[in-house]
Amino acid sequence: MGAEDDQQNEKPRGKSISQAQFVSWKRQKDADASARKEEAARKRAQDIAAGTVQMNGRELFLHEPWVFDNTHY
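Thresholds applied
Residue numbering note: each chain is counted from 1, following its sequence as written. Where local features are concerned, this predicted model is filtered to residues with pLDDT of at least 70; where side-chain atom pairs are given and counted, the filter is 80 or more; whole-chain, interface and lining totals use all residues. Only heavy atoms go into the side-chain values, all of them from the structure, while hydrogens and water stay out. Every helix listed is a DSSP run of H or I at least four residues long, and every strand listed is a run of E at least two residues long, numbered separately from the N terminus. We call a residue buried when its accessible area falls under 20% of the maximum for its residue type, exposed when it is over 50%, and partly exposed in between, using a 1.4 Å probe and counting protein chains only. Contacts: residue pairs with any heavy atoms within 4.5 Å of one another. Counting of polar contacts relies on pairs of N or O atoms within 3.5 Å, with two restrictions inside protein: one atom must be capable of donating a hydrogen and the other of accepting it, and residues adjacent in sequence are counted only when both atoms are side-chain atoms. For Phe, Tyr and Trp, rings pair up if their centres lie within 6.5 Å, where Trp contributes its six-membered ring, and each pair is then called stacked (planes under 30 degrees apart), edge-to-face (over 60) or tilted (otherwise). Note that patches include only residues with greater than 30% relative accessible area and no salt bridge, and the join distances are 9 Å for like charges and 5 Å for nonpolar side chains (Val, Leu, Ile, Met, Phe, Trp, Tyr). Accessible areas in this description were obtained via Shrake-Rupley with a 1.4 Å probe; residue shielding takes into account the shown protein chains only. Salt bridge, as used here, is a side-chain nitrogen of Lys or Arg placed within 4 Å of a carboxyl oxygen of Asp or Glu. Along the chain, pLDDT gives the predictor's confidence residue by residue, from 0 to 100.

**A short note on the environment of H63**
Part 1 of the reasoning: Within the secondary structure, H63 is located in helix 3 (residues 57-63).
Part 2 of the reasoning: Judged by relative accessible area, which is 52%, H63 ranks as exposed.
Part 3 of the reasoning: Spatially, the C-alpha atom of H63 lies 9.3 Å from that of A49, the residues being 14 residues apart in sequence.
Part 4 of the reasoning: Residues contacting H63, with those up to four places away along its chain left out, are I48 and M55.
Part 5 of the reasoning: One polar contact links the side chain of H63 to the main-chain carbonyl oxygen of E59, over a distance of 2.8 Å.

See the structure below:
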């Protein structure tokens, strides 16, 4: 019983990788995520310029600051 319980409780281990392999994978993953984020930001900026999406408060403040001009009150 004891030997079977020990075997069942062991977690399966994946293939071991070196630190250099991990660093390479991590850099690639970060580069891909960064590229996706930049592409999404570029598309959002194009959509805002075309007027096809509604701007949030920060985008409105950056693109049309006159909306927040309180000197008229």
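Moving on from the coordinates now.
**Structural notes on the packing of aromatic side chains**
Part 1 of the reasoning: Counted according to the given criterion, the structure contains two aromatic pairs.
Part 2 of the reasoning: Pairing F22 with W25 gives two aromatic rings, centres 5.6 Å apart and planes at 40°, and the pair type is tilted. Of the two residues, F22 and W25 both sit in helix 2 (residues 19-50), three residues apart, roughly one turn of that helix.
Part 3 of the reasoning: For W25, a relative accessible area of 47% gives the class partly exposed.
Part 4 of the reasoning: Plain terms: the ring middles of F61 and F68 are 5.5 Å apart, the flat faces sit at 65° to each other, and that makes the pair edge-to-face.
Part 5 of the reasoning: Relative accessible area serves as the criterion here: at 48%, F61 is assigned to the partly exposed category.
Part 6 of the reasoning: Note on F68: relative accessible area 39%, which makes it partly exposed.

**Side note on a nonpolar patch on the surface**
Part 1 of the reasoning: Judged by side-chain polarity, F61, L62, W66, V67 and F68 come together as a nonpolar surface patch covering roughly 580 Å² of accessible area.
Part 2 of the reasoning: Counting through the fold element by element, V67 comes out in the segment after helix 3.

**Description of the confidence of the model for the chain**
Part 1 of the reasoning: Averaged over every residue, the pLDDT of the chain is 86; residues scoring 70 or more account for 85%.
Part 2 of the reasoning: For the chain, helix 1 (residues 2-9) is the element with the lowest average pLDDT, namely 61, and helix 2 is the one with the highest, namely 96.

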